[in-house]
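As a plain string of letters, each chain reads:
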Amino acid sequence: MIVSIQFATAQGALGLQIIPVFNGKPLILNDKMYGTENGDSVSIEVFKFYMSSISLRNESKRFAEKSSYHLVDAEDSSSLNFKIENIPEAEYSLLTFNIGVDSTASVSGAMGGALDPSIGMYWAWNTGYIDAKLVGHSPSCNTMHHQFDFHIGGYKEPYITLRKVTLPLTACVISKGHTTLLTLNVDVATWFSGIHLTAMNNVVIPSLEALKIADNYMEMFENNTKKGGQKK
Amino acid sequence: MRNEKLFTVLFSVIMLLFVFSFIPNKTTKIKFIIPEGWPKPVYSMSKIPLTEEGFQLGRRLFYDPILSRDSTISCSSCHLQATGFTHVDHTLSHGIGGQFGTRNSLALMNLAWNKSFMWDGGVNHLEVQAISPITNKVEMDESLEHVVLKLNASEKYKRLFNSTFGDTIITGQNFLLAITEFIIQLNSYNSRYDRYMRKEQGATFNEQELNGLKLFRANCNTCHTEPLFTNHSFENNGLAADYLLKDVGRMRITQKAVDSLKFKVSTLRNIQFTPPYMHDGRFKKLSDVINHYTDGIHQSKTLSKKLMKPIVLSANDKIDLVAFLLTLTDKEFLFDPRFTFPRE
């Protein structure tokens, strides 16, 4: 007699630690001036973005977090560390996720949790989510208080700003009862690639400029996990 | 020993209270009525509880100026029941501090059948519609975040939200769902036209109204399609843009030139009580509207194809058409006590 017993797969967790930086140095909001690649000096007041549809994969396995929406806010340290649980044991080689919110969420009415419209990442007059926000000041901006405003979003053609990020992982082993830590740097400097703040300082609707900035910040992630420091 | 017994009794009572606090409050389910012969609503109702408690909470919020920055403006300031839940007497609606907006407020009815909201269709879902007037600088000039804070500071609202959603913490999502619970019930389907169509006893049309219906079906029905009296599309109905407002309508949302000067085709139900007419409220009387369609069409690139051939109506035809439009008045809806200001 053959008895087939299916055991529940052993599961572990992934801890994500997000570190906002500017040109590799930890980002200090408001008080510090930074130089962009085009010579504009800037201070940063608001830096937040959605990370969604987080998944891990290797040649044979793919794990996707359910209802995967996280708002990362440089001002809110609790948002910079979060945990993804119930991941099947395995060594994973790729981390993929989106910057922004998928179009389904943008057409599904009043959502909750990280997608609650009262969080302020939502447009009212032309409904849809703001995928990422960067607000700051620069003497280059001929605007009130020299402020620049980048509210990047758009879920309809031709201005879709959702961007997919794929990061290769080394020795990312998820094992039962453990939380494997991943440290990701997000570099604000990438936002300004090819941008002169004298000319572009107010991007607050779905537009060509929004696409340009989304293409820029798609490059802002870097896996900065210290070797041997992954297990906790 | 006695102490021990007392302790056991006390412990049991505490445990019971503890258990009861997790049993959700009793709520009363209510129905959403789909009138005979109407299509299925667009709005799915999957997130809202559809309860009497939710409806009453939404009603209270609809009439509460707490939603505006300085507690002067409520939804009902621009959406009055007796006038089909719109703002009459003003070409453009005004909000906080008496400031004027750029458009005439829309009448609220049969909203669950709408695919998009506002004159330019900028709002894609009924549940999020309320954010737009709340955050508009000349309407309520408030943030959703702050509305949620103010509601959470109110014991009354905490209690009401708890009895509807089983949660004393009020979220933006639940606030929006509560408003939705109320406004999806604002349905008008008991006008004389409806009763006549349902062949109800005593519901008759006179000769004028019958001729008006015939003319309506020949000239207006393509866009103002029965039974909702709108096909939910956006059209350029031949109104030259106002020299000051320069409102391009739908194009602001789609950023496409083909949508320039297009606005939502609004329903004609209760049209008798919803003047002024058009997105900028430029016409005061129904006869002005009809004269526009026969003699006032402004030619432009995006003019509706249906208006390229002029509509020809005799003076008598126009009178009959107005007579028909008045049969769309639904007094039961306009005076339904369930929709009025909620008294404590």
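Residues numbered from 1 in each chain as written. Chains lettered and ligands numbered in written order. Predicted model: local features only at pLDDT ≥ 70, side-chain atom pairs only at ≥ 80, totals over all residues.

### Some remarks on the overall build of chain A
For chain A, the helix and strand inventory stands at two helices and 15 strands. The C-alpha atoms of chain A give 19 Å as radius of gyration, which agrees with the globular expectation for 232 residues (17 Å, within 12%). When the backbone C-alpha atoms are referred to their principal axes, chain A occupies close to 80 × 40 × 30 Å. A buried classification covers 38% of the 232 residues belonging to chain A. Counted over contacts in chain A with a minimum sequence separation of 6, partners at least 24 positions apart contribute 75%. (Helix = DSSP H or I, 4+ residues; strand = E, 2+ residues; numbered from the N terminus. Rg over C-alpha atoms; globule rule 2.2 N^0.38 Å. Buried ≥ 20, exposed ≤ 12 C-beta atoms within 10 Å, placed from the backbone. Contact = placed C-beta atoms within 7 Å.)

### Examining the overall build of chain B
A count of helical and extended segments in chain B gives 13 helices and two strands. In chain B, which comprises 344 residues, the share counted as buried stands at 40%.

### Some details on the interface of chain B and chain A
Interface size is commonly expressed as the accessible surface area that is lost when the partners come together. Listed by partner, the interface residues are 20 residues for chain B and 15 residues for chain A. Considering each element in turn, the side of chain B that touches chain A owes the most residues, four residues, to helix α7 (residues 172-183) of chain B. Here the side of chain B that touches chain A is composed, by residue class, of nine nonpolar, eight polar and three charged. (Nonpolar A, V, L, I, M, F, W, Y, C, P; charged D, E, K, R; others polar.)

### Points about the packing of helix α2 (residues 52-62) of chain B against helix α6 (residues 155-165) of chain B
Residues and elements named next belong to chain B. Following both chains from N to C, one finds α2 and α6 inclined at 145°, their axes separated by 8 Å at the closest point. Taken as a pair, α2 and α6 cross one another with a handedness that is left-handed. Each of Glu53, Gly54, Leu57 and Arg60 in α2 lies in contact with α6, whose residues at this interface are Leu160, Phe161, Ser163 and Thr164. Considering only residue class, the contact of α2 with α6 consists of three nonpolar, three polar and two charged. (Axes fitted to C-alpha atoms, helices over the stretch in contact; angles between N-to-C directions. Left-handed = near helix turned anticlockwise from the far one by under 90°.)

### Some remarks on the domain arrangement of chain B
Residues and elements named next belong to chain B. One can read the domain layout of chain B as domain 1 (52-187) and domain 2 (192-331). For domain 1 and domain 2, the distance between their C-alpha centroids amounts to 27 Å. Taken together, the 21 residues of domain 1 in the interface contact 24 residues of domain 2. Residues belonging to the side of domain 1 that touches domain 2 are distributed by class as follows: seven nonpolar, 11 polar and three charged. (Domains from an automatic or database assignment.)

### Thoughts on the nonpolar core
Counting 105 residues, the largest nonpolar core has Tyr50, Ile152 and Ile213 of chain A together with Leu108, Phe175 and Ile179 of chain B as its most contacted members. Residue contributions to this core peak at eight residues, all from strand β4 (residues 41-57) of chain A. Apart from the residues within four sequence positions on either side, Ile152 of chain A is in contact with Ile130, Asp131, Ala132, Thr161, Val203, Ala210, Ile213 and Ala214 of chain A. With 17 residues, the next largest nonpolar core counts Trp113, Leu228, Ile290 and Phe324 of chain B among its residues. (Core = buried A, V, L, I, M, F, W, Y, C linked by C-beta atoms within 7 Å.)

### Details of the confidence of the model for chain B
In this model, chain B carries a mean pLDDT of 92, and residues with pLDDT of at least 70 account for 92%. Across the predicted assembly, pTM comes out at 0.89 and ipTM at 0.87. (pLDDT = per-residue confidence, 0-100.)

### Some details on α7 of chain B
Residue and element names in this part refer to chain B. Its 12 residues give α7 an end-to-end C-alpha distance of 17 Å, which sits within 8% of 16 Å, the value for a rise of 1.5 Å per residue. Within the sequence span of α7, burial applies to Gly172, Gln173, Asn174, Phe175, Leu176, Leu177, Ala178, Ile179, Thr180, Glu181, Phe182 and Ile183. On its buried side, α7 packs onto α2, α5 (144-152) and α6. (Expected span 1.5 Å × (residues − 1).)

### Observations regarding the pairing of strand β8 (residues 90-99) of chain A
Residue and element names in this part refer to chain A. Of the strand pairs in this sheet, β4 and β8 are connected by five bridges, and their pairing is antiparallel. Across the sheet, Arg57 pairs through a bridge with Leu94, a residue of β8. Summarising the sheet, β8 and strand β12 (residues 163-174) pair through nine bridges and their orientation is antiparallel. Looking at the pairing, Leu94 lines up with Pro168 of β12. (Pairing = 2+ DSSP bridges.)

### Brief notes about α6 of chain B
Residues and elements named next belong to chain B. What α6 keeps buried is the set Tyr157, Leu160, Phe161, Thr164 and Phe165. Looking straight down α6, one finds its buried side chains confined to an arc of 105°; they lie on one side. Here the buried face of α6 lies against α2, α5 and α7. Directly after α6, the chain includes Gly166, whose backbone phi takes a positive value near 65°. (Arc of directions from axis to C-beta.)

### What about the environment of Ser67 of chain A?
Mapped onto the secondary structure, Ser67 of chain A falls in the loop between β5 (62-64) and β6 (69-73). Owing to 12 C-beta atoms within 10 Å, Ser67 of chain A belongs among the exposed residues under this scheme.

### Considerations on the packing of α2 of chain B against α7 of chain B
Residues and elements named next belong to chain B. Relative orientation of the contacting elements α2 and α7 amounts to 100°, with a least axis distance of 7 Å. Between α2 and α7, the angle falls in the class roughly perpendicular. Contacts between α2 and α7 pair Gly54, Phe55, Leu57, Gly58, Arg59, Leu61 and Phe62 from the former with Ala178, Ile179, Thr180, Glu181, Phe182 and Ile183 from the latter. Here the residues of the contact of α2 with α7 sort into eight nonpolar, three polar and two charged. (Parallel < 35°, antiparallel > 145°, perpendicular 65-115°, else oblique.)

### Structural notes on unusual backbone geometry
Of note, the amide linkage connecting Glu157 of chain A to Pro158 of chain A takes the cis form, showing an omega dihedral of 0°. Along the chain, the position of Pro158 of chain A falls in the loop between β11 (147-153) and β12. Glu226 of chain B connects to Pro227 of chain B through a cis peptide bond whose omega is -5°. Looking at the element boundaries, Pro227 of chain B is found in the loop between α9 (207-219) and β1 (234-235). The backbone phi angle of Met118 of chain B is positive, close to 75°, even though this residue is not glycine. Its location among the elements puts Met118 of chain B in the loop between α3 (75-78) and α4 (131-135). Residue classification places Met118 of chain B among the buried residues on the basis of 22 C-beta atoms within 10 Å.

### Concerning the environment of Thr168 of chain B
All names here are of chain B. Locating Thr168 in the fold gives a position in the loop between α6 and α7. Of the residues examined, Thr168 has 13 C-beta atoms within 10 Å and is grouped as partly exposed. Spatially, the C-alpha atoms of Thr168 and Asp280 are 42 Å apart, while their sequence positions differ by 112 residues. Those residues in contact with Thr168, other than ones at most four positions away along the chain, are Lys158, Phe161 and Asn162.

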